[in-house]
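Coordinates in review
Residues per chain, in single letters:
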Amino acid sequence: METPTKLPPSSPSSPTTGFSVPSAEKVDGFPRRSMRRARQRRSHSSSQFRYQSSQVELTPLPLIKDAPVAELHDLFCKKLQQCCVLFDFLDCVADLKGKEIKRAALNELVESVATSRGVLIEPLYPEAIKMISVNIFRTLPPSENPDFDPEEDEPTLEASWPHLQLVYEFFLRFLESPDFQPSMAKRYVDQKFVLQLLELFDSEDPREREYLKTILHRVYGKLLGLRAYIRKQINNIFLRFIYETEHFNGVAELLEILGSIINGFALPLKSEHKQFLVRVLIPLHTAKSLSIFHAQLAYCVVQFMEKDATVTEYIIRGLLKYWPKTCTQKEVMFLGEIEEILDVIEPSQFIRVQEPLFKQIAACISSPHFQVAERALYFWNNEYILSLIEENCQVILPLVFGTLYRVSKEHWNQTIVSLIYNVLKTFMEMNSKLFDDLTASYKVEKQKELKRERERAELWRGLEEQQERRLQSLGEASRNQKNLQEREKNSKNEPENSAANTT
Amino acid sequence: MAGADGDDSLYPIAVLIDELRNEDVQLRLNSIKKLSTIALALGVERTRTELLPFLTDTIYDEDEVLLALAEQLGNFTMLVGGPEYVHCLLPPLESLATVEETVVRDKAVESLRKISHEHSPVDLEVHFEPLVKRLASGDWFTSRTSACGLFSVCYPRVSSTVKAEIRQHFRNLCSDDTPMVRRAAASKLGEFAKVLELEYVKSDIISLFTALASDEQDSVRLLAVEACVSIATLLPQEDLETLVMPTLRQAAEDKSWRVRYMVADKFSELQKAVGPEITKNDLVPAFQNLLKDCEAEVRAAAANKVKEFCENLPEDSRETIIMTHILPCVKELVSDTNQHVKSALASVIMGLSTILGKDNTIEHLLPLFLAQLKDECPEVRLNIISNLDCVNEVIGIRQLSQSLLPAIVELAEDAKWRVRLAIIEYMPLLAGQLGVEFFDEKLNSLCMAWLVDHVYAIREAATCNLTKLVEKFGAEWAQNTIVPKVLGMANDPNYLHRMTTLFCINALSEACGQEITTKHMLPVVLKMSNDQVANVRFNVAKSLQKIGPVLDSNCLQAEVKPVLEKLAADQDIDVKYFAQEAVSVLALA
């Protein structure tokens, strides 16, 4: 059995990870983020290299621009084939000549497809797509840092980027070329191709994801037959991200593409799209890494609302369902998104959600984390929201009054207290009668609440006593039953036993 | 209260349901967690006719509440009237098995599996199996994933027509459109194969296995590797070559490292499942490749299995295979570029010595151990040291002592306190194997140096270590070597070091016995009661409480009591507290 060619065990470029610890480290042994980062700043090559059977020596071909027209396509084709050879970039000194030849060839291909007309003829499509596939489709390497935090850590960069970038560039120019014929391309850019393209969005290298984003967007725009499939596969990636792995690097990029796709949805919304909103976009809010793609996500959500106001209730109720319980940072993001939504909400829709929404807002106002309380109180600085509150003062004020009254007396942060006074003042001006009534009944309500509390405790105490008695009597019953069975069994067994003894 | 007679009508369902509906999530959650209390109050009949329908209808709650509900319902059989009525629990659990949140769904499936055993065969066909079918053909992927976990519990107890239907449903899910469902099916493939008749394993399961193992998504393919173990165990040896091996070979060379990692990770199980012949012909070269894989993750997973793999090789050819095929790869791994690979290898490599015997160990393995003892990565050295006992049995630890010492010293001074902590834990073991002379000469000073480490966890571990050493070497040794050094620290200018003296005394007094404690330790403790740092003083009180039982009563009355009384009148509140506590525990009042 022949073993596939593999990387030499130690290439000069791979740094030996020494454990020389800076003296500041010696105070305690905890690894510092800064140190971890320093170690991570190395690039990574994908597993693909191992699958090249043997390294081919590249020889430079004539320049495309010098080629006579008759040989142009043939030369173009040869260059494409030449670019199918892969190089080991972890070993930065290996085969420098070959790398340079390929780089130059790729540059020429990019240049040629971008500037000259009439290059893209049908026989070139399979060759071009093959060259692209061979270069970009690869199993992404394991992450250097298993708990990679995109906000804190430096991403691992793709080592073969000098070539990969040009391949992506070529692909993009190819798709954008005025000569590009979707009817020819669709034979080669098929579902399997798109699926592999989508998997690359998990790349840790932001430069690669940026290219992928633009490319997928073009594919979506030009190859109409693939649209439904692309949407479905993005769904699957998101669902897997939400419910299985919680890890996918390209969520923000995919959402960005979806943002513009949603923009183009026809009305009335298809149930497929509504399902996508309710079962994929809203649950995406539960992700631990929400902060990385929240802006794009909120944009998509608002796009949906602007398309069709009837989805408002689904959205708000969904957000309330997934409201963060312990992560205040996320809570602030949710409040931000709610404000974005309220900015464009239709008054008729507002009425449908105001009750649960303002209960949540009241809960936020009483948060001991001042940023959460502050973010919620800022709603009263938004004129449109204020006008909605004013119209529905009769409903909203009773919902938040108790909280405002209580928090104004006990919050530790002065800014919050003064913000609350302003809100209370606004309410007083809106509806002084209601405000006075609520102030007067505040104590009575408190008493009532306490009474309910006591009643509940009483109820459960009674229930538990009863349970104890029941369990006791059940226990007795089962013991009796057991005894009875045992007695029966014994009386049955006895003759058998005696029979056994005699044999 | 009227509740005394246990009247069912005392608690109207409405009141209880109000509790389950409370606006406050926490209160709702509390109520759901006490659902059995509510059911008990209602009695079995009203639980069936009123409570369960309510629960079935109102499953739109916080996931946390749903999770609690799904768990509760799994234990509800008695509360609805026993196995006869257990099928009443199916509707709410069916809804719970379709929700989005994975933990809720999984819990619902777990409860369904649990109560499936309480169904009679008839009920299983009339109530349970239709539920599985409904889930398996649900619209949204969640219900179909849940269905995957339910086939194997109902299959063995239903009629052959229903069995055929179940097999068909499982087949459909294995080729489902969404990868989530295919993953769920792939992960249950092995479990399902176990309950199937052998003919269907051969006809159905193998084709599903082959298809899943060549799925377009690597997350599906890797799950097929797990199933491979169960399937191979079920098949007769002569069928393995044709039915399983092509797929397994392909998985070991999959283009995705995740799949290869899975093969490496399951290698011992696979080896046992396919038997010695196939191991010799196929798995040995496959294992070699995995040890040389281009991804460190895969190499590390394979390195972890080196010992187990060698151990399970057929005895007749074990040594030859190891020496000619495995050992060359192992040698390369010793100088791998990735520290996780080396550290995985170091955690098992010592185990090879028992397999290869004395001569081979000295000639071939010893150089590798020594190389790893000098590795730049502390985890590697630590893993070697922590497995010294395996080598000790074969060649004796002395062979290593020359290299061992520098390695130990370096780890003892490592900048990471967790590394220092780990090496301390092996000290008693090393001391036992190296003997008291070697210890006194080379390691004693290290053990004492840890007592003044700047990390508390290290000082604490060092104290504990001393106790174990004394247990090993005896009280006399303690008196001569460590007690003087420990007591000397009582005069240290740093109060943390003075406190360490007290902690050591606490730990050592029992092992050292009454004489040493009374003669040498007690005077020092008593003297420290005049320390100017309150923390030291209250630790004196704590120490006296601790060593009190070792002392005789005269000494307690004459020497300890006055000091504790003095401390009980200290101006510091904590000193007072602990002094008083010691007085009462030692019954000196």
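Residues numbered from 1 in each chain as written. Chains lettered and ligands numbered in written order. Predicted model: local features only at pLDDT ≥ 70, side-chain atom pairs only at ≥ 80, totals over all residues. Heavy atoms only, no water.

**Some points on the nonpolar core**
Where we set the bar: Here, nonpolar core refers to any group of buried Ala, Val, Leu, Ile, Met, Phe, Trp, Tyr and Cys residues whose side-chain atoms link them within 4.5 Å. Per-residue accessibility, obtained with a 1.4 Å probe over protein chains only, is compared with the maximum for each type, and a residue is labelled buried under 20%, exposed over 50%, and partly exposed between these values. Counting from the N terminus, the helices are the DSSP runs of H or I reaching at least four residues and the strands are the DSSP runs of E reaching at least two. Two residues form a contact once any of their heavy atoms are found within 4.5 Å.
Phe238(A), Phe427(A) and Leu564(B) are the most contacted members of the largest nonpolar core, which has 367 residues in total. With eleven residues, the single largest contributor to this core is helix 17 (residues 267-291) of chain B. Those residues within four positions of Leu564(B) in sequence are excluded, and the remaining contacts are Ala541(B), Leu544(B), Ala579(B), Ala582(B), Val583(B), Leu586(B) and Leu588(B). Among the nonpolar cores identified, the runner-up in size contains six residues, and Val85(A), Phe87(A), Phe89(A) and Ala159(A) belong to it.

**Notes on the side chain of Ser219(B)**
Let me state the cut-off plainly: In protein, a polar contact means a hydrogen-donor-capable atom and an acceptor-capable atom, both N or O and within 3.5 Å, with residues adjacent in sequence counting only if both atoms are side-chain atoms; elsewhere, any N or O pair within 3.5 Å suffices.
By secondary structure assignment, the location of Ser219(B) is in helix 13 (residues 218-234). In terms of polar contacts, Ser219(B) uses its side chain to reach the side chain of Arg183(B), at 2.7 Å. Sequence-distant contacts of Ser219(B), defined by excluding residues within four places in its chain, comprise Arg240(A) and Arg183(B).

**Digging into the UniProt feature "domain: Phosphatase 2A Regulatory Subunit A helical" (unreviewed entry) in chain B**
The criterion, for reference: UniProt positions are given in the numbering used here, feature names are shortened, and annotations may be inferred rather than shown by experiment.
In the numbering used here, UniProt assigns the feature "domain: Phosphatase 2A Regulatory Subunit A helical" (unreviewed entry) to residues 89-270 of chain B. Spanning residues 89-270 of chain B, this segment combines 79% helix with 0% strand, and its end C-alpha atoms are found 40 Å apart.

**What about unusual backbone geometry?**
Working note: non-glycine residues mostly have negative phi, and peptide bonds are mostly trans. Following Leu267(A), the chain continues to Pro268(A) via a peptide bond in cis, the omega torsion being -10°. By secondary structure assignment, the location of Pro268(A) is in the loop between helix 10 (251-263) and helix 11 (271-281).

**A look at the confidence of the model for chain A**
Residue and element names in this part refer to chain A. Spelled out, the test is: Here pLDDT means the predictor's own confidence in every residue, given as a number from 0 to 100.
Chain-level statistics for chain A give a pLDDT mean of 82 and a share of 85% at 70 or above. The spread of mean pLDDT over the elements of chain A runs between helix 1 (residues 33-40), the lowest at 38, and helix 14 (residues 328-343), the highest at 95. Confidence over residues 47-53 falls short of pLDDT 50; this stretch has 29 contacts with residues more than four positions distant or in other chains. Taken together, the stretch residues 494-503 has pLDDT below 50 and engages in zero contacts with residues farther than four places along the chain or on a different chain.

**Observations concerning the environment of Leu443(B)**
Residue and element names in this part refer to chain B. Here Leu443 shows up in helix 27 (residues 436-450). Owing to a relative accessible area of 0%, Leu443 belongs among the buried residues under this scheme. Along the primary structure Leu443 and Ala412 are separated by 31 residues, whereas in three dimensions their C-alpha atoms are 10.0 Å apart. Discounting residues that sit within four places of it in the chain, Leu443 has contacts with Leu405, Ile408, Met427, Leu434 and Phe438.

**Focus on helix 13 (residues 312-321) of chain A**
Those residues of helix 13 of chain A lying buried are Thr312(A), Ile315(A), Ile316(A), Gly318(A), Leu319(A) and Leu320(A). Buried-residue contacts for helix 13 of chain A involve helix 11, helix 12 (290-307), helix 14 and helix 15 (347-365) of chain A.

**Remarks on the packing of helix 27 of chain B against helix 28 (residues 456-473) of chain B**
All names here are of chain B. Our working definition: Orientation is described by lines fitted to C-alpha atoms, with helices fitted over the stretch in contact, and by angles between N-to-C directions that extend from 0 to 180 degrees. Each angle gets one of four labels, with under 35 degrees taken as roughly parallel, over 145 as roughly antiparallel, 65 to 115 as roughly perpendicular, and the rest as oblique. For any helix crossing, the convention is left-handed if the near helix is rotated counterclockwise from the far helix by under a right angle, and right-handed if that rotation is clockwise. Gly is placed with the polar residues, together with every amino acid not listed as nonpolar (Ala, Val, Leu, Ile, Met, Phe, Trp, Tyr, Cys and Pro) or charged (Asp, Glu, Lys and Arg).
Two elements in contact, helix 27 and helix 28, have axes whose closest approach is 9 Å; the angle formed by their N-to-C orientations is 155°. When the interaxial angle is binned, helix 27 and helix 28 end up roughly antiparallel. Note on packing geometry: the crossing formed by helix 27 with helix 28 is left-handed. Contact residues: helix 27 offers Val436, Phe439, Cys447, Met448 and Trp450, while helix 28 offers Ile458, Arg459, Ala462, Asn465, Leu466, Leu469 and Phe473. Its residues assigned to classes, the contact of helix 27 with helix 28 comprises ten nonpolar, one polar and one charged.

**Quick word on the packing of aromatic side chains**
Condition: We call Phe, Tyr and Trp rings a pair once their centres come within 6.5 Å, taking the six-membered ring for Trp, and we label the pair stacked below 30 degrees between planes, edge-to-face above 60, and tilted otherwise. Note on geometry: a ring has a charge over it if NZ (lysine) or CZ (arginine) is within 6 Å of the ring centre and within 35 degrees of the ring normal.
Considering all chains together, one arrives at 36 aromatic pairs over all chains under this definition. Every member of this aromatic cluster is reached through a ring pair, and the members are Tyr125(A), Phe170(A), Phe174(A) and Phe180(A). Its end group placed over the ring of Phe89(A), Lys99(A) keeps NZ or CZ at 4.6 Å from the ring centre. The side chain of Arg105(B) reaches across the aromatic face of Tyr243(A), ending 5.9 Å from its centre.

**Let's talk about the pattern of salt bridges**
All names here are of chain A. Applicable threshold: By definition here, a salt bridge exists when the distance from a side-chain nitrogen of Lys or Arg to a carboxyl oxygen of Asp or Glu is within 4 Å.
Across all of its chains, the model carries 60 salt bridges over all chains by this definition. Residue Arg209 pairs with Glu253 through a salt bridge whose shortest N-O separation is 3.1 Å. Residue Arg209 is found in helix 8 (residues 206-222), and its partner Glu253 is found in helix 10; the two are separated by 44 residues along the sequence. In this structure, Lys433 engages Asp437 in a salt bridge whose closest nitrogen and oxygen atoms are separated by 2.9 Å.

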